[in-house]
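# Descriptive structure summary
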Amino acid sequence: MHPLDLIAEGSKCCENSGTTVSITIRELPNETRDALAARAASSGRSLQEYLSMELRELAEKPSITDALAEIRTRARRYPELAPSQIRDALDADRR
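Residues numbered from 1 in each chain as written. Predicted model: local features only at pLDDT ≥ 70, side-chain atom pairs only at ≥ 80, totals over all residues. Heavy atoms only, no water.

A separate point is the overall build of the chain. Each helix and strand in the chain was counted, giving four helices and two strands. Secondary structure elements of the chain, listed N to C terminal, follow the sequence β-β-α-α-α-α. Classification of the 95 residues of the chain by burial places 5% in the buried group. Looking at the chain alone, contacts between residues at least 24 apart form 10% of all its contacts between residues at least 6 apart. Only carbon and sulfur atoms are counted for the fraction: they give 54% of the accessible area of the chain, which is about 8500 Å². (Helix = DSSP H or I, 4+ residues; strand = E, 2+ residues; numbered from the N terminus. Buried < 20%, exposed > 50% of the residue type's maximum accessible area, 1.4 Å probe, protein only. Contact = heavy atoms within 4.5 Å. Areas by Shrake-Rupley, 256 points an atom, 1.4 Å probe, with all protein chains shown as cover.)

The next point concerns the confidence of the model for the chain. Of all residues in the chain, 81% have pLDDT values of 70 or greater, and the mean over the chain is 84. When the elements of the chain are averaged for pLDDT, strand 1 (residues 6-14) gives the smallest value, 43, and helix 1 (residues 30-42) the largest, 97. Contacts of residues 1-14 to residues separated by more than four positions or lying in other chains number 32 contacts, the stretch itself having pLDDT below 50. (pLDDT = per-residue confidence, 0-100.)

Before going further, it helps to spend a moment on the packing of helix 1 against helix 2 (residues 47-60). Axis separation between helix 1 and helix 2 bottoms out at 8 Å; the angle between their running directions is 90 degrees. Between helix 1 and helix 2, the angle falls in the class roughly perpendicular. Contact with helix 1, carried on its side by Arg 33, Leu 36, Ala 37, Arg 39 and Ala 40, involves Leu 47, Tyr 50 and Leu 51 of helix 2 and no other residues of that element. Class assignment for the residues of the contact of helix 1 with helix 2 results in six nonpolar, no polar and two charged. (Axes fitted to C-alpha atoms, helices over the stretch in contact; angles between N-to-C directions. Parallel < 35°, antiparallel > 145°, perpendicular 65-115°, else oblique. Nonpolar A, V, L, I, M, F, W, Y, C, P; charged D, E, K, R; others polar.)

Glancing now at the pattern of salt bridges. Between side chains of opposite charge, a pair can form when the charged atoms approach closely. Under the criterion given, the structure shown has three salt bridges. One salt bridge in this structure joins Glu 70 and Arg 74, with 2.8 Å as the shortest N-O distance. Of this pair, Glu 70 and Arg 74 both sit in helix 3 (residues 64-76), four residues apart, which is roughly one turn of the helix. With relative accessibility at 36%, the residue Glu 70 sits in the partly exposed group. (Salt bridge = Lys/Arg side-chain N within 4 Å of Asp/Glu carboxyl O.)

On to a nonpolar patch on the surface, then. Together, Val 21, Ile 23, Ile 25, Leu 55 and Leu 58 make up a nonpolar patch on the protein surface, roughly 470 Å² of accessible area in all. Mapped onto the nonpolar patch, the elements with two or more residues apiece are strand 2 (18-25) and helix 2. A total of three residues in the nonpolar patch trace back to one element, the largest contributor, which is strand 2. Following the sequence through the fold, Leu 58 ends up in helix 2. Classification of Leu 58 as exposed rests on a relative accessible area of 59%. (Patch = residues over 30% accessible without salt bridge, like charges linked within 9 Å, V, L, I, M, F, W, Y side chains within 5 Å.)

The phi dihedral of Glu 27 is positive, around 60 degrees, even though this residue is not glycine. Here Glu 27 shows up in the loop between strand 2 and helix 1. Taking relative accessible area as the criterion, Glu 27 reaches 55% and is therefore assigned exposed.

Here it is as structure tokens:
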């Protein structure tokens, strides 16, 4: 079993988004829990509030794999230039 085995335990009604899910994280080292609790406390939040906020922010960002795929897709649209063309363009800008 993976150390961060996530298990959805159920859902309940939430005021602004319809439903929420409870998540259990198993086999989390105490040091990790303590570090997260300290961050939560320093931000004035409970551990649950802090982790909920962090998970929402994480979910809003693309994964590294998705970001790299987008970069590669965009790069394919660039015009193909020889190194000499790049040097010539840079030299022209310096004049």
